[in-house]
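# Observations on the three-dimensional arrangement
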Amino acid sequence: TVKQAQLMELLKKEVRAMLIAAKEGLTPAELEEQYMAMVCRPLPFQDLGFQSTLELVTHMPEVVRVSSCKNGTVILKAIADDTTKAIAKLVACQKGKTCPKTWKRTPPKANVASPSKNSSNPQRSPLRARTPVLPATVKAELQQLLSSSPLLLQDLDKAFLSCFGRPFPYRQYGFPSALEALGTVSDFVVVEQTKAGSLLVLKQYLANEAEQEESQNVLFAAEMPPLEPVCETDDFYQAALQMKWEPVETQAVDLGDLLKQVSAGQPQDFQQLLPSKLTPTLEIPPDAVQDRSLCSLPPLKRKCLVGVVVEFIISPTQFYVRICGRETSYKLQDLMFEMRHLYSHKLVSDKYVMPDSAVRPGQLCCVMVSKWWYRVIIHRVISDQEVEVFYADYGHLQIVQKSWLRFLKWHYLKLPAQAIPCSLAWVKPVEGTWSPAASLLFRNLCRFKELVGIVDEYVDGVLHLFLCDTSTKEDVYFHSVLRDMGYADVCGENIPSQEFKELNPLTLYVRPSGKQENAELVEPDLCLQQESLVADSETTALKLDGAELCDDQ
């Protein structure tokens, strides 16, 4: 559009100016920081249809040179035009090492911290001689900002601006980047690396958590009689921390006899020997989801184009996709990041432990896998230790440990389940069932790619769509590949998926969206907007309605 073209031209000027000022170049993250500091808003690559800053600058070949260091770090450098060549030359000379003209440098003297006024060496300014330091006022502002919750480094400028009316002023005090400035306050700020980026955490959070754990340990020790070590098993200790003890009526208990029974028996018999009034009970938090379910995404309009990622594949007529529109992708990412932050704190994690009575098929909850938390639905209970769960946002089943489960907070119900059950449109296996080779070929076609999906129709709650890879020189339609390889017949109609008839967890456990219940079809805001993905409607109609698909029938 005209508006996007104007924005792109403005961005080229701004990016070139920032990179010219940085002789050694900037990383994409540093470019984002500088843009936020100068313009007071994030770099608008999403408004132009790009997924990242790196993708944006690769579409500015006349402005930005992209290179990589030996350690893999991506460096962005400016390509000067006729109007900025003189400025670029001045910047290069000012910073010295690669300037055509060289100065003779004398060895530094003992009093180098106080250079004479007539010194001609630009490297000898007092500002560059001393180590940069953040003033106490900025440190206090950082503590105040992080006291409410941890913060991603990429969101620091925006949050600082919102709270104090200005971006984080690291450049004002001589720091080349926000990360280096934060390195000088490591006494109270910890930088943790996560999949979402660098996370800034106030050390006070960690200290408070440790203090609360210690206080609970002391409380536990004060409430319990001194027992022999054999009785203090880890399982019982953890259970005691997670449980709320009910008030106890005055009751005569011969503690000596009780301890003799414990010594003669097994450690796990201890709870059975306690008086009934001492039996601990789990307190379920009021915001824990117990009898609610997620809703599905609203149905997509027929023939609309959407960007999709295929998340889980059984066969060409049984797979799950996730729509990768900007808004939806970021919402899921934010949700997972927030869940990881919340449930990673032990006191919170212990609070949402699920009792055995809540571990039942159909229960919506969350599970931790590799330190990340996912929304899941219990499909079946395998044993006392294991359950099979369905990942509502990714579409697959997995057996996990029961101890990994936690109640889902009510707040995390808002985002609809992101997984969509799908079948490839207009195809059926030539042999009655899909061969392993056909399924393997389909997996390889879908792997690690954002694809274009052309919506055909819904059959029994399953989306039938065509898939197309537009990353190659010519568009590749997957149904055509399966047909050409002899694995599929193109039949011109959608046959209900037998596999999904046998099992479709999404229809079992996820309720239809409000729009779906009202039978309203909407054009989602997640549809791809790039012109390159929207083919000529007549050509697309010919491909999908018969000319190309049915020539072998």
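Model, not experiment: these values are computed from the prediction.

### Notes on the nonpolar core
One broad rule of soluble globular proteins: the nonpolar side chains tend to lie buried together. Judged by nonpolar contacts, the single largest core of 44 residues is most densely connected at Y343 and L405. When residues of this core are traced back to their parent elements, those giving at least two are α13 (326-343), β8 (364-369), β9 (372-381), β10 (386-391), β12 (405-407) and α18 (505-509). Discounting residues that sit within four places of it in the chain, Y343 has contacts with S349, Y352, C366, W373, R406, F407, L408, K409 and Y412. Counting residues in hydrophobic clusters, the runner-up holds 28 residues, among them I313, C422, L441 and A488.

### So, the pattern of salt bridges
With the rule as written, the count across this model stands at 12 salt bridges. Linking K12 and E9 is a salt bridge whose minimum nitrogen-to-oxygen distance equals 3.6 Å. Separated by 3 residues within a single helix, K12 and E9 lie in helix α1 (residues 2-20), roughly one turn from each other. Here K12 falls in the buried class, since its relative accessible area comes to 14%. Since its relative accessible area comes to 44%, E9 is described here as partly exposed. Close ionic contact of R380 with E388 constitutes a salt bridge, the shortest N to O distance being 2.4 Å. Residue classification places R380 among the partly exposed positions, given a relative accessible area of 41%. What emerges from the salt-bridge pattern is a single network uniting E9, K12 and E62.

### Considerations on the environment of D155
On the secondary structure map, D155 appears in the loop between β3 (151-152) and α7 (156-164). The exposure class assigned to D155 is partly exposed, which follows from its relative accessible area of 32%. Residues D155 and E33, 122 residues apart in the sequence, show an inter-C-alpha distance of 9.4 Å.

### Notes on the packing of aromatic side chains
Inspection of the entire model under this criterion finds 12 aromatic pairs. Ring centres 4.8 Å apart and planes at 55° place the aromatic pair F160 and F164 in the tilted group. Of this pair, F160 and F164 both sit in helix α7, 4 residues apart, which is roughly one turn of the helix. Summarising the aromatic geometry, the rings of F168 and Y170 are spaced 6.1 Å apart at their centres and angled 45° between planes, so their arrangement reads as tilted. Each member of the pair F168 and Y170 is classed as buried. Lying across the ring of W372, R340 places its NZ or CZ 4.4 Å from the centre.

### Quick look at the side chain of K409
Structurally, K409 is set in the loop between β12 and β13 (420-424). When its relative accessible area of 16% is taken as the criterion, K409 is described as buried. At a separation of 2.4 Å, a polar atom in the side chain of K409 contacts the side chain of D287.

### A few points about the pairing of strand β6 (residues 305-315)
Sheet topology places β6 next to strand β15 (residues 451-459); 4 bridges connect them, and they run antiparallel. Bridging from a neighbouring strand, V308 pairs with L451 of β15. In the sheet, β6 pairs with strand β7 (residues 318-323) via 6 bridges, with the strands oriented antiparallel. Within β7, the position partnered with V310 by the bridge is V321. Between β6 and β7, which follow one another and run antiparallel, lie 2 residues.

### Here's the deal with the sheet that holds β9
Strand-to-strand pairing in sheets goes through backbone hydrogen bonds, with the strands running parallel or antiparallel. Pairing is antiparallel across the open sheet formed by 5 strands, whose spatial order is β11-β10-β9-β8-β12. The sheet is open, and its two edges are formed by β11 (397-401) and β12, each paired on a single side. Each neighbouring strand pair of the sheet contributes to a mean axis angle of 50°, computed without reference to strand direction. For β8 and β12, the ladder comprises 3 bridges, and the chain directions are antiparallel. In the strand pairing of β12, V367 is matched with L405.

### Thoughts on the packing of helix α6 (residues 136-148) against α7
Where α6 meets α7, the axes come as close as 11 Å, and the angle between the chain directions of the two elements is 100°. As the angle between them shows, α6 and α7 are arranged roughly perpendicular. Of the residues in α7, those in contact with E141, L142, Q144 and L145 of α6 are L156, A159, F160, C163 and F164.

### A few points about unusual backbone geometry
Phi is positive for K303, close to 70°, though the residue is something other than glycine. With respect to the secondary-structure elements, K303 resides in the loop between α12 (270-273) and β6. Look at S370: it is not a glycine, yet its phi comes out positive at around 55°. Mapped onto the secondary structure, S370 falls in the loop between β8 and β9. On the basis of relative accessible area, S370 is assigned to the exposed category, the value being 64%.

### Some words on helix α15 (residues 436-446)
Helical periodicity: at 3.6 residues per turn, an α-helix aligns residues three or four positions apart in one direction. Inspection of α15 places A438, S439, L441, F442, L445 and C446 among the buried residues, and these make up the whole buried set. Viewed end-on, α15 has its buried residues packed into an arc of 160°, placing them on one side of the element. The inward-facing, buried residues of α15 contact β6, β7, β13, β15, β16 (462-469) and α16 (478-484). One or two positions beyond α15, positive phi appears at F448, with a value near 55°.

### With respect to the confidence of the model for the chain
Looking at the chain as a whole, its pLDDT mean stands at 74, while 67% of the residues score no less than 70. Low pLDDT, under 50, characterises residues 94-130; the stretch is placed with 18 contacts to residues that sit more than four places away or in other chains. Segment residues 266-279: pLDDT under 50, and 21 contacts once partners within four positions in sequence are set aside and those in other chains are kept.

The rules behind these values
- Residues numbered from 1 in each chain as written.
- Predicted model: local features only at pLDDT ≥ 70, side-chain atom pairs only at ≥ 80, totals over all residues.
- Heavy atoms only, no water.
- Core = buried A, V, L, I, M, F, W, Y, C linked by side-chain atoms within 4.5 Å.
- Buried < 20%, exposed > 50% of the residue type's maximum accessible area, 1.4 Å probe, protein only.
- Helix = DSSP H or I, 4+ residues; strand = E, 2+ residues; numbered from the N terminus.
- Contact = heavy atoms within 4.5 Å.
- Salt bridge = Lys/Arg side-chain N within 4 Å of Asp/Glu carboxyl O.
- Phe/Tyr/Trp six-rings, centres within 6.5 Å; stacked < 30°, edge-to-face > 60°.
- Lys NZ or Arg CZ within 6 Å of the ring centre and 35° of its normal.
- Polar contact = N/O pair within 3.5 Å; in protein donor to acceptor, adjacent residues only side chain to side chain.
- Pairing = 2+ DSSP bridges.
- Axes fitted to C-alpha atoms, helices over the stretch in contact; angles between N-to-C directions.
- Parallel < 35°, antiparallel > 145°, perpendicular 65-115°, else oblique.
- Arc of directions from axis to C-beta.
- pLDDT = per-residue confidence, 0-100.

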